[in-house]
Amino acid sequence: LYTIKFEASKMADPKFIDAMKTDHLPEMMLDKGDKLQKAEAKLKVHPYDMECWNVLIKDAQEKHIDISRKTYERLMDIYPTCGRFWKLYIEEELKSKNFERVEALFQRCLLKVLNLDLWKFYLTYVKETKKSLPNFREKMMKAYEFALDKVGIDVASGNIWSDYVDFIKDGEAAGSYAENQKIMAIRRVYQRAVMMPLSNVEQLWRDYSTFEQNVNEIIAKKLLEERSKDYQNARRVAKDYEATTRGLVRGAPATPPLNNAEEKQQIDMWKKYIGWEKNNPMRSDDTGLIKKRVMYAYEQALLTWGHHPDIWYEAALFLERSANLVHEKGDTQQAQAWKDEVAALYEKAISGLLKNNLLLHFAFADYEESRMKTEECHKVYTELLKTVPDPTLVYIQYMKFARRAEGIPAARAVFKKAREDQKSNYHVYVAGALMEYYTSKVRSLCFLLFSTVLVTNFICFGF
């Protein structure tokens, strides 16, 4: 307990007496247990209160992971896209050498959370825990390639590229053939890196130049001339990126919209950055590269702004347009792969932070309908009906889909379910009546439905 001495005059202060009468005691008068209870109580009302979570995280870090694991799992349920919190959780498991749990956590988060610090931590983990294995170098090379495939286009990923080069250089090469293979491997990584707009691309270019000159000065001049144009382009884009993203906040935990000025400013900055990527600053003819860079920008934005459905929707529309573009160019296989990515993006949104968002569910259903995937549409609507508190609009959209895809009998079957659902209101009757009036032309049924609503909802002024 904290012992605090007060002067008699201070204890007589009316402000002090009022504070003692409230539940909000001064922070320094609360012991550790009281702070935890206060934080837990507040989180029941405000589950995204970061100050309360900081209290719980600090307490969890002071305990053994077997005791604090539930706290970390709760934290990840609230902030599933925060790389910093995943890293904290994994570090605690690593302290107790729970390697199976560590790798299970990496499997849960790495592909969903493209956070650069998290990926660097993954590479460090592989390097430090797998070095005793006979195939360690092969595993480490695969880990580097895996990381670079996912986050290697990040402007701040330059350290991963340079570490990869250093790792290859440190490898032993017995014989001239092995030495040549090593040189080729180093050259390939350097040549890929200096084409990327990285924050340290100038240093990478200097290192690459030195490397080639040490190998063969004559060949070096030719190779460097061949790559110089790509390097200059990358250098230019890296500087433009710095100017475009100045002030951009990355890595903050995702919270529901606050609708304040600071949030609006950050979202506008993210959309400015995404728009910059859409304008193809690399001046590339490679549609795949443009798509990858834009989608990476969207993914980075969604790590912090994942509660904003408009960003998810814009990302899906861009990806769909990209798929249609490559289809027009004749690459049907690539187009189909990207169209599947659109569906996966929608699925990720509605199964994560926005489980009850109507916009994304309806957009997903419309998209699957455009691909003639009727069963998938049914699945989207039926799963949404299980979770929304007011299913009225869902039933109406579901009826419209059923009529378009399967005809009036299917739409009537959906209406029957809506009528039997006590949570739905009179709007489903109106939608059903208008459907009968304009589509089936059964005027008598339309009149009957309106009459039913009039009898059962006579006090509803909206009707």
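The coordinates are above.
No experiment lies behind these values; they were computed from the predicted model shown.

Caption draft 1: Spotlight on the overall build of the protein chain. Summing up its helical and strand segments, the protein chain has 23 helices and zero strands in all. Counting only C-alpha atoms and orienting by the principal axes, one finds that the protein chain spans roughly 90 × 85 × 45 Å. Per-residue burial over the protein chain gives 43% buried out of 463 residues. In the protein chain, the proportion of contacts linking residues at least 24 apart, taken out of those at least 6 apart, comes to 56%. Side-chain charges of the protein chain comprise 71 positive and 66 negative groups, with the mean position of each set lying 1 Å from the other.

Caption draft 2: Seen up close, the pattern of salt bridges. Tallying each qualifying case throughout the model produces 29 salt bridges. Between E138 and K142 there is a salt bridge; the shortest N-O distance is 3.5 Å. Of this pair, E138 and K142 both sit in helix α9 (residues 136–151), four residues apart, roughly one helical turn. For D268, the salt bridge goes to K264, with nearest N and O atoms at 3.1 Å. A residue pair is termed a helical-turn pair when its members lie 3 or 4 positions apart in one helix, as D268 and K264 do in helix α14 (residues 261–278) at four residues. Note on D268: relative accessible area 39%, which makes it partly exposed. Each member of the salt-bridge network shares a partner with another, and the members are D66, R69 and E93.

Caption draft 3: Structural detail: empty space enclosed by the protein. Scanning the model with the defined rule gives two cavities of 30 Å³ or more in all. Taken as a whole, the largest cavity holds about 70 Å³ of empty space. Looking at the largest cavity, the residues that line it are I153, D154, V155, P197, Y241, R250, Y273, E277, R293 and Y296. Listing elements by their share of the lining of the largest cavity, those giving two or more residues are α14 and α15 (287–305). For the lining of the largest cavity, the class distribution of residues is six nonpolar, no polar and four charged. Of the voids in this model, the second largest cavity is the one considered here, and its volume is about 30 Å³. Forming the walls of the second largest cavity are E277, N280, P281, M282, S284, L289, I290 and R293. For the lining of the second largest cavity, the element with the most residues is α15, which contributes three residues.

Caption draft 4: Focus on the layout of surface pockets. Quantified by volume, the largest pocket comes out at close to 1,200 Å³. Looking at the lining of the largest pocket, the elements with two or more residues in it are α5 (65–78), α9, α15, α16 (309–328) and α17 (332–350). Ranked by the residues each element gives to the lining of the largest pocket, the list is headed by α15, at nine residues. Within the lining of the largest pocket, the residues separate by chemical class into 20 nonpolar, six polar and 11 charged.

Conventions and cut-offs
- Residues numbered from 1 in each chain as written.
- Predicted model: local features only at pLDDT ≥ 70, side-chain atom pairs only at ≥ 80, totals over all residues.
- Heavy atoms only, no water.
- Helix = DSSP H or I, 4+ residues; strand = E, 2+ residues; numbered from the N terminus.
- Buried < 20%, exposed > 50% of the residue type's maximum accessible area, 1.4 Å probe, protein only.
- Contact = heavy atoms within 4.5 Å.
- Lys, Arg positive; Asp, Glu negative; His and termini not counted.
- Charge placed at Lys NZ, Arg CZ, Asp CG, Glu CD.
- Salt bridge = Lys/Arg side-chain N within 4 Å of Asp/Glu carboxyl O.
- 1 Å grid on protein atoms, 1.4 Å probe; cavity = no way out; pocket = protein on both sides within 12 Å on 5 of 7 lines; lining within 4 Å.
- Points joined across faces, edges and corners; volume = space filled by probe spheres on them.
- Nonpolar A, V, L, I, M, F, W, Y, C, P; charged D, E, K, R; others polar.

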